[in-house]
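Survey of secondary and tertiary structure
Residue strings, one per chain:
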Amino acid sequence: MPKASNLSIYSPKQLCLMKKVSTNKKKPMIGLSKVLALAFTVLSINILSAYKIVSDPGTAPDPTRFKKVVLTEPGKFDEPMEMTFLPGNRILIVERKGGIKIVDGKTGAVKLIATIPVNTKYKNKQGQVREAEEGMMGVIADPNFAENHWIYLYYADPNETKHVLTRWELMGDELKTDSKKVVLEVATQREECCHTGGGMAFDKNGNLFLTVGNNTVNPRSGTSNLDDRPGFENNDDQRAPGNTNDLRGKILRIHPEKDGSYTIPEGNLFPKGTPKTRPEIYTMGHRNPWRVSWDSKTGYIYWGEVGPDASTETARGPRGYDEFNQAKGPGFFGWPYFIGNNIPYVEFHHQDSTYGKPFDPSNPVNKSRNNTGLTELPKPVPAMIWYPYNMSDEFPLVGAAGRSATGGPVYRRANFPNAARPFPSYYEGKWLIVEFMRGWIMSVTMDENGNYKSMERFAPELNFSSAIDMQFGPDGDLYVLEYGSAWFKGNENAFLTKVEYNDGNRAPVVNASATKKSGASPLKTQLTSAGTKDFDGDILKYEWKIVGGGTTKILKEENPSLTLIKPGKYKATLTVADAQGAKSSKTIELNVGNEPPVVTFDLANANKTFYFPGSKLNYQVKVQDKEDGSLANGKIQASQIAVSLDYMPLGYDQIDIASTQRGADVSAFSSTGQILLNKYDCKSCHLMNKRSVGPSYIEVSNKYRGKNGAVESLAQKVIKGGAGVWGDHAMSAHPNLSVADARAIVEYILTTGEKKSTVKSAPLNGEYTIKPTADQKEKGTYVFRAAYRDKGTASMTPLVGEEVVMLRYPSLNPELADFSKGFNKFITPSKSLNMDGDGSYLAYKEIDLTSIDSIAIKVNGNMRGSSAGGEVEIRLDGADGSLIGKTPFINFTQRGQNRVVADINDTSGKHTLFFVFRNPKAKPGQTLLQPIEMEILPKR
């Protein structure tokens, strides 16, 4: 008989077969045999009803036993930043623009309980107002919240150039405004973006850890900030992270007191009273420390740290790395002199552009004229994990892409005594880290001394949309706060989610979608359950429930067709049940009554994947909207369309791009309301910044901006009229004004009180010049975007249509192939990329070969004669797909890079591009070639 602890070796189908065998009654059984058969039958039935998997502490559990649960509905958050847990299964979440929201952990209901005024902009030296990373940055509940009801908020003061740590009293759903106490202030600047921190964690003694960013400009060089010339203070990280007398670029450790002040606990980096130091500093030398966590067993702290953008090594120092860090105690973590495992930057004299020596990790010295602290610094602590944009030789599992290290918790089972479904003991003491850009969670194993040992993917089937915070909840589940896909805006895919572990029958994993989610009436669409699965192999039952338009419709098909006629919002919920009765659901929203705008960013006959240095692109933006008209017929005006033309020179520097796009959106989308405002009689009673018969627009904006439902309620007031809010004068009704137009006017008025972005839209058409080769060392990305927000209808809110074209440098990196066969990477004694075996290949998705003449294959020389050599076939959409080009036989013996050009046939449209390495005479698994790069060559 198998022991219960070994049942995981059997599939559900095998367990069912056990039951059938044990209940076979062809022959009567007596004595011991009958007793054993009966025992087997009872055990099998119990197994089938709710078998449990007993995990082996030394073996990773089946990743399919982890389930991602989305707790909140789409569109409920506007830039969520951090979360904290309250009694009664409630989660408190703060938003960058100042929103304070509570999520019911049982129902997923989201409630806005307060909005704190915060600053979200900066004004640079050119006078441009742009979005900053700052605003509301962090939240944490006091360890004794159940008794004192205190929460701590960290945010950018709305008026003064400082960040403040404040304490408030939260009673139920009411934030007591008169309870605010300013605990700590951090002096900042608002002439440049970026890096704010805001991560917080308490230890067992009530000490609070707070991450504080460097508050320094991102240099275009993508390296370290070391410019101490007068007037360039915001370009010098020696002024803050490397300064022992400044709180920026630090992790602070303080003990909040009952009166709202704080004291300094023993054991910080500098003892209280040390000249030219701040006693609050626990660790220093940070660029952009993010979410911090505290290990309840060891007392160590852990955090993610976002590094600079350099994609390659330069004379100034190394390429950029993000880091996941551990502090076993107070210390200096290197920035701005060192990065990664103490890789040094080089002293650079901005006055005359000359170089000095690399900084010495054994003797770090801060000689900047902006330094107000100690000159001699502690020896730097190397990063635990560090990784660039490209593949990491030290940590290859992290992959290659944009990067933004978030952080995460160390799992300790003892912290969750009441957990209903605790994580397996395999994860005891492991650090779970999440990456904002790459969407993965890694499980990091440390040795008995707390040093890095290994890492592995955690639940690789799961992915997260820009995870900005991750913590274990009191129930033992792993909660992930997802910011969403776009910077500086509310995203439909911003969610609070959690990961549950299931050691019994697994509920189905549900995926629901529709071929068309928005459109004019009637909306004809196909609901689809594609991607739904059950890891136990059960037969599934499907039910769609469509609610909206005053009716409820039930459809019991997997993929039913659906026609909706009455305008409005509908919710379509797919519920899938397995044979054991376990159910899972997913809801999508369908909008009827407004066809989304169709926006086209037309590049004519240019390539849609690659740009070519020194070339010129002709572009034209086109907009068509079923209800509003089109740009061509003049019903849509140029000022209503947001256009941005951007270049990301250093990896994935998304903040500047997002700020430009956001500024263009605000300018264009509010233009509709401004046009309508000037068309009607609004000026008779209202002025921009002072009262007339009625309140000024700015007064209205300051009163209602950011409040839930304000746009809809004010739009109705514009149409129906109203009185009693601003004085004795009644506002005239405008019954002939459509709801859509009234809504647009209100939305414009609500923007008048904001600090205006000075970013303007680019022209709707024209010629754009790609930078010449000399400026393309970073091999960056061009991002072209056009967007239009329609006016909506009486029953439907406005919809945004956009098209984004991203053009990348014309080369393909073997390490960044979307999928491959026979590709192997070796890093000792030197790095080599091998294509092993006849038929091995590299493949890249969504490649446009329009106007491409040929492709140059660069390979390493076969100096030792161990490689077999071979041809490279270029094929479309499969390793045996259409052949469009081929190299001659390649087998170079000279040292260094060698280049062979393959002409290709004329090809249009996007395809999956395969490079197939062929040599039928090679031995099985023998290396054919060592590719370096595939260079895309345009027609001339």
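This structure is a prediction, so every number in the text was calculated from the model and none was measured.

Thoughts on the environment of Pro380
Position of Pro380 relative to the elements: it lies in the loop between β24 (354–358) and β25 (385–387). Taking the C-alpha atoms as reference, Pro380 lies 7.9 Å from Phe338; in sequence the two are 42 residues apart. If we ignore the near neighbours within four places in the chain, the residues touching Pro380 are Phe332, Gly334, Phe338, Asn342, Pro361 and Pro364.

Comments concerning the sheet that holds strand β44 (residues 641–648)
Reading across the sheet, the three strands line up as β44-β46-β47 and stay open at both edges, with antiparallel pairing between neighbours. Each edge of the open sheet is held by one strand with a lone partner, namely β44 and β47 (800–808). In this sheet, neighbouring strand axes are inclined to one another by 10° on average, regardless of whether the strands run parallel or antiparallel. Bridge count for strand β46 (residues 781–789) against β47 is nine bridges, and the pairing is antiparallel. Across the sheet, Tyr788 pairs through a bridge with Gly801, a residue of β47.

A look at the side chain of Glu873
The residue Glu873 is located in strand β54 (residues 871–876) in this model. Judged by its relative accessible area of 9%, Glu873 is buried. Within the structure, the side chain of Glu873 is placed 2.9 Å from the side chain of Arg875, a separation counted as a polar contact. Apart from the residues lying within four places of it in its own chain, the contact partners of Glu873 are Leu883, Gly885, Lys886, Phe914, Phe915, Val916 and Arg918.

A word on the pairing of strand β40 (residues 583–592)
Here strand β34 (residues 518–519) pairs with β40 via two bridges, running parallel. Paired with Ser518 across the two strands is Asn591, which belongs to β40. Sheet topology places strand β39 (residues 568–577) next to β40; 10 bridges connect them, and they run antiparallel. From the neighbouring strand, Tyr570 faces β40, where its bridge partner is Leu590.

Comments concerning helix α6 (residues 710–720)
By the burial criterion, the buried members of α6 are Ala710, Leu714, Ala715, Val718 and Ile719. In a view along the axis of α6, the buried residues occupy a sector of 160°, so they form one face of it. Following α6 by one or two positions, Gly721 has its phi on the positive side, about 85°.

Focus: the packing of aromatic side chains
Taken as a whole and assessed by the stated rule, the structure comprises 42 aromatic pairs. Residues Phe423 and Tyr427 carry aromatic rings whose centres are separated by 6.2 Å and whose planes lie at 65° to one another, so their mutual orientation is edge-to-face. The same class applies to Phe423 and to Tyr427, which are both buried. A cation over an aromatic ring shows up here: Arg229 above the ring of Phe232, its NZ or CZ 4.0 Å from the ring centre. For the cation-ring pair, Arg316 lies above Phe348, with the distance from its terminal atom to the ring centre recorded as 4.0 Å.

Some words on the sheet that holds strand β51 (residues 832–836)
Taken together, three strands build an open sheet; the order of strands is β50-β51-β58 and the sheet is antiparallel. What marks the edges here is a single partner per strand, and that holds for β50 (823–826) and β58 (927–929). Ignoring which end each strand starts from, the neighbouring axes of this sheet average 50° apart. Bridge count between β50 and β51: four bridges; the pairing is antiparallel. Among the inter-strand pairings, Phe823 is bridged to a residue of β51, identified as Met835.

Examining the pattern of salt bridges
Enumeration over the complete set of coordinates arrives at 42 salt bridges. Note that Lys68 is salt-bridged to Glu482, the shortest N-O span being 3.0 Å. Remark: Glu482 occurs in strand β31 (residues 478–482) and Lys68 occurs in strand β1 (residues 66–70); sequence separation between them is 414 residues. The exposure class assigned to Glu482 is buried, which follows from its relative accessible area of 1%. Here Glu174 ties to Lys176 by a salt bridge, and the two come within 3.4 Å at their closest N and O atoms. Using a relative accessible area of 43% as the deciding quantity, one classes Glu174 as partly exposed. Each of Asp78, Glu79, Arg96, Lys97, Lys121 and Glu131 takes part in a single network of salt bridges with overlapping partners.

What counts and what doesn't
- Residues numbered from 1 in each chain as written.
- Predicted model: local features only at pLDDT ≥ 70, side-chain atom pairs only at ≥ 80, totals over all residues.
- Heavy atoms only, no water.
- Helix = DSSP H or I, 4+ residues; strand = E, 2+ residues; numbered from the N terminus.
- Contact = heavy atoms within 4.5 Å.
- Pairing = 2+ DSSP bridges.
- Axes fitted to C-alpha atoms, helices over the stretch in contact; angles between N-to-C directions.
- Buried < 20%, exposed > 50% of the residue type's maximum accessible area, 1.4 Å probe, protein only.
- Polar contact = N/O pair within 3.5 Å; in protein donor to acceptor, adjacent residues only side chain to side chain.
- Arc of directions from axis to C-beta.
- Phe/Tyr/Trp six-rings, centres within 6.5 Å; stacked < 30°, edge-to-face > 60°.
- Lys NZ or Arg CZ within 6 Å of the ring centre and 35° of its normal.
- Salt bridge = Lys/Arg side-chain N within 4 Å of Asp/Glu carboxyl O.

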